[in-house]
Amino acid sequence: GEVDAPLASLGQAAEAYRHLGDDAGRAEALRPRGLAALVAGRLAEADELGELGYQASLAAQSLVGQLWFTLQLGRVNIYRGRFATATRWLQEQHTT
């Protein structure tokens, strides 16, 4: 309940960056949104936002974004009990 309004406004920012074609800006807007979803226990949403942010970071060639989102996706998958997937993401984060 308490995270709905902030998540919505961050979603609007990410969408605006997407329309502008600014992948780096989109990734930056998705980063706190994904973290908020993770902390709120919205694991499916956090997973989806992590994937979107990771793809935006790749498109923007943002190493920091890639590091952040691989870590986020590793954490999400640990919480979801998907340990093989978590290991893959965390290994990628380690080697990036």
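In the block above lies the structure referred to throughout.
Residues numbered from 1 in each chain as written. Predicted model: local features only at pLDDT ≥ 70, side-chain atom pairs only at ≥ 80, totals over all residues. Heavy atoms only, no water.

### Digging into the packing of aromatic side chains
With the rule as written, the count across this model stands at one aromatic pair. On the numbers, 5.0 Å between centres and 80° between planes, the contact of Tyr54 with Trp89 is edge-to-face. Taken together, the residues span a long stretch of sequence, with Tyr54 in helix α3 (residues 43-60) and Trp89 in helix α5 (residues 83-95) at a distance of 35 residues. Taking relative accessible area as the criterion, Tyr54 reaches 8% and is therefore assigned buried. For the cation-ring pair, Arg88 lies above Trp89, with the distance from its terminal atom to the ring centre recorded as 4.5 Å. (Phe/Tyr/Trp six-rings, centres within 6.5 Å; stacked < 30°, edge-to-face > 60°. Helix = DSSP H or I, 4+ residues; strand = E, 2+ residues; numbered from the N terminus. Buried < 20%, exposed > 50% of the residue type's maximum accessible area, 1.4 Å probe, protein only. Lys NZ or Arg CZ within 6 Å of the ring centre and 35° of its normal.)

### Observations regarding helix α4 (residues 63-79)
Taking 1.5 Å per residue as the helical rise, α4 with its 17 residues ought to reach 24 Å, and the 25 Å between its terminal C-alpha atoms agrees with that figure. Within two residues after α4, Gly81 carries a phi angle of roughly 80°, on the positive side. (Expected span 1.5 Å × (residues − 1).)

### A look at the packing of helix α2 (residues 23-39) against α4
Close contact between α2 and α4 brings their axes to 11 Å; oriented N to C, the two are set at 20°. It follows from the interaxial angle that α2 and α4 lie roughly parallel. Every pair of crossing elements has a handedness; the one defined by α2 and α4 is left-handed. Between α2 and α4, the residues in contact are Ala27, Leu30, Arg31, Gly34, Leu35 and Leu38 and Val64, Gly65, Trp68, Phe69, Gln72, Arg75, Val76 and Tyr79, respectively. Its residues assigned to classes, the contact of α2 with α4 comprises nine nonpolar, three polar and two charged. (Axes fitted to C-alpha atoms, helices over the stretch in contact; angles between N-to-C directions. Parallel < 35°, antiparallel > 145°, perpendicular 65-115°, else oblique. Left-handed = near helix turned anticlockwise from the far one by under 90°. Contact = heavy atoms within 4.5 Å. Nonpolar A, V, L, I, M, F, W, Y, C, P; charged D, E, K, R; others polar.)

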